[in-house]
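Each chain, written out:
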Amino acid sequence: MYLCTCSVNMASEDQEIIFSGRQTDSRRYDQPLWPFLRSRMETFGSRVALVDPYTEQQISYKDLIPLAEKLARALMKLGLTQGKPLCIVSRNSVEFALLIVATHSLGAFVHTPNPLSVPGELRRQLGLSEARLVVTTPEFIGNVEEAAKGLNVDVILVGPRDGHLNFEDLVTLASDDVILPPPPVDPKTAIASLLFSSGTTGLPKGVEITQRNIVAWIHQFQDYDGSVLTVDDTTLLFLQLFHAFGQVLILSASLASGCRVVIQTKFEIDEFLSLVSKYKVTAIYMVPPVAIAIVNHPNLSSFDLSSVRLMHVGAAPMGKELEMKLNQLLGNNCVVQGYGMTENMSLTLRSRRESRPGSCGRLLPNTQCKIIDPVSGKSLGVDRTGELYVRGPQVMLGYIKDPEATALTIDGDGWMRTGDLARIDSEGFLTIVDRLKELIKYKGEQVPPAMLEDLLLSHPAVSDACVIGKPDPIAGELPFAYVVPVKGAKVSAQDIKDFVAKNVPSYMQLRGGVQFRESIPRNPSGKILRRLLRDELTQQLSKARL
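Residues numbered from 1 in each chain as written. Predicted model: local features only at pLDDT ≥ 70, side-chain atom pairs only at ≥ 80, totals over all residues. Heavy atoms only, no water.

Of the regular secondary structure elements, the protein holds 15 helices and 29 strands. Taken over the C-alpha trace, the protein has a radius of gyration of 23 Å; the compact-globule value for 546 residues is 24 Å, and the two agree within 12%. Principal-axis analysis of the C-alpha atoms places the extent of the protein at approximately 70 × 60 × 55 Å. Relative to its 546 residues, the protein shows a buried fraction of 59%. Long-range pairs, those at least 24 residues apart, make up 67% of the contacts in the protein with a sequence separation of at least 6. (Helix = DSSP H or I, 4+ residues; strand = E, 2+ residues; numbered from the N terminus. Rg over C-alpha atoms; globule rule 2.2 N^0.38 Å. Buried < 20%, exposed > 50% of the residue type's maximum accessible area, 1.4 Å probe, protein only. Contact = heavy atoms within 4.5 Å.)

Below, the structure is given as structure tokens:
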């Protein structure tokens with residue numbers, strides 16, 4: 001039985017209302033990641049762990065463990081040591097998954113940039129992580145080489161050698177006489193993954209996910225609703241492995257549960273549905289745009305989706321109407337929602353037994369939250385809307401080399417500001433209402449307004465700019481720019497859109513449009529008053545619909 005408690009701390013002048021998930025044995029969280037994963041995987045024997053649907057290659061759990069450790073020994077010979085990063089710039093693949101597991105077995109950490117990053121941003125991230133080994137594919141080798149110019153970086157290519165060390169060479173490079181080091185002493189501070197996120201504002205920052213974060217979250221996930229995933233499940237991993245959702249919430253949790261993981265390179269709706277049908281996928285983890293694509297597919301009935309027992313939707317809120325329609329199409333109550341961020345992986349989950357469409361569920365075990373009034377700073381009770389603060393073992397260590405941003409996000413008592421407006425009801429169900437943060441989410445991709453604004457200001461005809469998210473029923477939000485042109489300059493909205501398109505990856509383009517204005521509203525300290533511009537855009541869209 002689930003229990004969510006509410007406590008009131010009267011020690012301070014203003015009462016503090018804290019909501020808590022049920023308490024479980026948190027001592028289990030302190031085991032280093034690789035011994036934990038290895039001990040789990042050893043029990044699954046000859047069951048299939050990873051599947052490449054394009055080559056039909058299958059790797060069993062009993063073969064995955066020695067293969068991962070062999071790759072780890074090869075990486076050691078190339079200079080990767082415990083506590084250092086392996087950078088992987090790639091779309092999803094079995095090799096990508098193997099390298100993640102191999103890096104964990106070594107006690108190193110993976111740095112996984114978005115492979116669509118432009119060379120300048122990729123170079124900035126390489127500088128922050130101090131990665132000396134980069135694995136990539138022919139599709140991204142040009143950007144990687146440009147980003148790595150002048151840096152002491154070695155490149156490993158998954159594909160034709162083309163003058164680089166090839167992934168296949170790693171297997172022959174490995175030597176059995178190389179001994180893997182013992183696991184790190186303190187999993188609370190040992191980094192397992194470096195994932196880049198914009199957090200609540202600003203340029204992308206490197207989120208330090210520790211080994212304890214991952215081990216804790218897997219336990220929390222499995223404790224919430226019994227065996228959420230079992231050895232009889234098959235998952236389809238199409239969400240990208242450079243995201244926390246794909247890398248931790250799907251890959252790590254699936255391997256720790258003995259699932260068969262089918263890896264799709266990138267999402268394409270017909271291929272996705274075909275793979276679900278062919279491999280009898282039982283558990284799907286996805287984002288709202290995928291749910292929309294399924295619901296709107298003209299030939300959905302031609303695919304056999306009868307094997308699906310669980311559809312877990314996260315990364316952005318999904319409305320109750322879409323959830324109910326998806327359940328109706330699939331013929332069972334299989335859709336659940338969860339809530340989390342890169343900085344905390346996952347905080348809430350709603351099981352199939354909890355019929356509460358639109359809610360993202362209840363707090364995971366050993367997780368706490370409070371709802372804070374953004375104006376007064378006071379904590380609020382049930383059914384009151386405010387900024388969501390969270391605390392738990394899944395919250396990140398901090399932002400790499402950015403103590404100021406870390407301190408602004410996590411206070412001295414371990415409370416993390418999410419930047420999201422939320423409310424919680426008397427039964428502990430959390431609903432995300434809106435976002436305080438500036439981050440734009442386009443089809444699950446994170447678009448930092450500050451990056452686009454910096455780029456726009458580099459245009460000779462632009463004197464000021466602001467980028468916000470324009471609501472869109474399919475993509476979630478579209479990047480939309482308000483631009484103040486230089487006096488006397490002749491520039492069109494299309495000129496601005498073309499300029500941005502040449503300098504950013506596809507998902508960051510100004511698909512929402514460009515609108516010129518005389519000034520950008522700012523407060524006395526110079527901060528853009530985005531809320532005013534959002535309200536203005538909302539009014540314009542409302543009038544356009546009349």
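Residues of helix H4 (residues 119-129) that are buried include every one of Pro119, Glu121, Leu122, Gln125, Leu126, Leu128 and Ser129, and no others. Positive backbone phi, approximately 60 degrees, marks Glu130, located one or two places after H4.

As summarised here, the arrangement of the 9 strands in space is E4-E3-E13-E12-E14-E15-E16-E17-E18, forming an open sheet in which the pairing is mixed. On the outer flanks of this sheet lie strand E4 (57-60) and strand E18 (362-363), each paired with one strand and no other. Of the pairings in the sheet, the one linking strand E12 (residues 234-237) to strand E13 (residues 260-263) comprises 4 bridges and is parallel in character. Bridge pairing in E13 links Thr234 to Arg260. Running at roughly 85 degrees to E4, helix H2 (residues 61-77) makes contact with strand E3 (48-52) and E4 of the sheet. Sitting on the sheet, helix H3 (residues 94-106) touches E3, E4 and E13, and the angle it makes with E3 is about 140 degrees. (Pairing = 2+ DSSP bridges. Axes fitted to C-alpha atoms, helices over the stretch in contact; angles between N-to-C directions.)

On to the packing of helix H7 (residues 211-224) against helix H8 (residues 244-257). H8 packs onto H7 with a crossing angle of 70 degrees between their chain directions and a minimal axis gap of 10 Å. When the interaxial angle is binned, H7 and H8 end up roughly perpendicular. Here H7 contributes Ile214, Trp217, Ile218, Phe221 and Gln222 to the contact with H8, which in turn contributes Val248, Leu249, Ser252, Ala253, Ala256 and Ser257. The class makeup of the residues in the contact of H7 with H8 is 8 nonpolar, 3 polar and no charged. (Parallel < 35°, antiparallel > 145°, perpendicular 65-115°, else oblique. Nonpolar A, V, L, I, M, F, W, Y, C, P; charged D, E, K, R; others polar.)

Right, let's talk about the packing of aromatic side chains for a bit. Using the criterion set out here, one finds 6 aromatic pairs in the structure. Taking the centre distance of 5.0 Å and the plane angle of 75 degrees together, the rings of Phe238 and Phe272 count as edge-to-face. Separated by 34 residues along the polypeptide, Phe238 in the loop between E12 and H8 and Phe272 in helix H9 (residues 269-278) bring together distant segments of the chain. One exposure class covers both Phe238 and Phe272, and it is buried. The ring of Tyr399 has Lys205 sitting right over it, with the charged end atom 5.3 Å from the ring centre. (Phe/Tyr/Trp six-rings, centres within 6.5 Å; stacked < 30°, edge-to-face > 60°. Lys NZ or Arg CZ within 6 Å of the ring centre and 35° of its normal.)

What follows covers the pairing of strand E19 (residues 368-372). When you tally the buried positions in E19, you get 5 out of 5 residues, the bulk of the element. Residues Gln368, Lys370 and Ile372 line one face of E19 and the alternating positions Cys369 and Ile371 line the opposite face, and both faces are buried. Where strand E2 (residues 16-20) meets E19, 2 bridges bridge the pair, whose relative direction is antiparallel. Within the sheet, the bridge partner assigned to Phe19 lies in E19 and is Cys369. Across 5 bridges, E19 lies against strand E21 (residues 386-391) in antiparallel orientation. Bridge assignment links Cys369 to a residue of E21, and that residue is Val390. Relative to strand E20 (residues 379-380), E19 runs antiparallel, the two sharing 2 bridges. Bridge pairing in E20 links Ile372 to Ser379.

This next bit is on H3. Side chains that are three or four residues apart share a direction in an α-helix, a result of its 3.6 residues per turn. Taking 1.5 Å as the rise per residue, H3 with 13 residues should run 18 Å; its terminal C-alpha atoms sit 19 Å apart, in good agreement. The element H3 is extensively covered by neighbouring structure, given that 13 of its 13 residues are classed as buried. Backbone geometry just after H3 places Gly107 at a positive phi near 90 degrees. (Expected span 1.5 Å × (residues − 1).)

Among the nonpolar cores identified, the biggest contains 125 residues, and Leu50, Leu255, Phe272, Met286 and Met311 are the most heavily contacted of them. Setting aside anything within four residues of it in sequence, one finds Leu50 in contact with Gln57, Gln58, Ile59, Leu64, Val94, Ala97, Leu98, Leu251, Leu255, Val261 and Ile263. Val447, Ala465, Val483 and Val504 belong to the second-largest nonpolar core, a separate cluster that totals 23 residues. (Core = buried A, V, L, I, M, F, W, Y, C linked by side-chain atoms within 4.5 Å.)

For the rest of this paragraph, the subject is the sheet that holds strand E11 (residues 205-210). Here 8 strands make up an open sheet; going across it, the order is E9-E8-E7-E5-E6-E10-E11-E22 and the pairing mixed. Both edges of this open sheet fall to strand E9 (165-166) and strand E22 (398-399), since each of them pairs with a single strand only. Looking at chain direction, strand E7 (residues 133-136) and strand E8 (residues 154-157) are connected through 4 bridges and run parallel. Each bridged residue has a counterpart across the sheet, and for Val135 the counterpart in E8 is Ile156. Running over the sheet, H3 touches strand E5 (85-89), strand E6 (109-111), E7 and strand E10 (191-197) and is turned about 170 degrees from E5.

The next point concerns the environment of Leu510. Tracing the backbone shows Leu510 in the loop between helix H14 (493-501) and strand E29 (513-516). Classification of Leu510 as buried rests on a relative accessible area of 2%.

Before going further, it helps to spend a moment on the pattern of salt bridges. Counting across every chain of the model gives 15 salt bridges. Close ionic contact of Glu139 with Arg91 constitutes a salt bridge, the shortest N to O distance being 2.7 Å. A residue pair is termed long-range when its members are at least 10 positions apart, and Glu139 in the loop between E7 and helix H5 (141-147) and Arg91 in the loop between E5 and H3 qualify at 48 residues. For Arg91, a relative accessible area of 19% puts it in the buried group. (Salt bridge = Lys/Arg side-chain N within 4 Å of Asp/Glu carboxyl O.)

Okay, the environment of Gly392 next. Tracing the chain through its elements places Gly392 in the loop between E21 and E22. A C-alpha to C-alpha distance of 9.1 Å links Gly392 and Met416, two positions 24 residues apart in sequence.

In the contact formed by helix H1 (residues 33-42) and H2, the axes pass within 9 Å of each other and the chain directions differ by 150 degrees. Put simply, H1 runs roughly antiparallel to H2. Seen along the crossing, H1 lies across H2 with a hand that is left-handed. Between H1, through Trp34, Arg38, Met41 and Glu42, and H2, the contact on the second element is made entirely by Tyr61, Leu64, Ile65, Ala68 and Glu69. Looking at side-chain class alone, the contact of H1 with H2 contains 6 nonpolar, no polar and 3 charged residues. (Left-handed = near helix turned anticlockwise from the far one by under 90°.)

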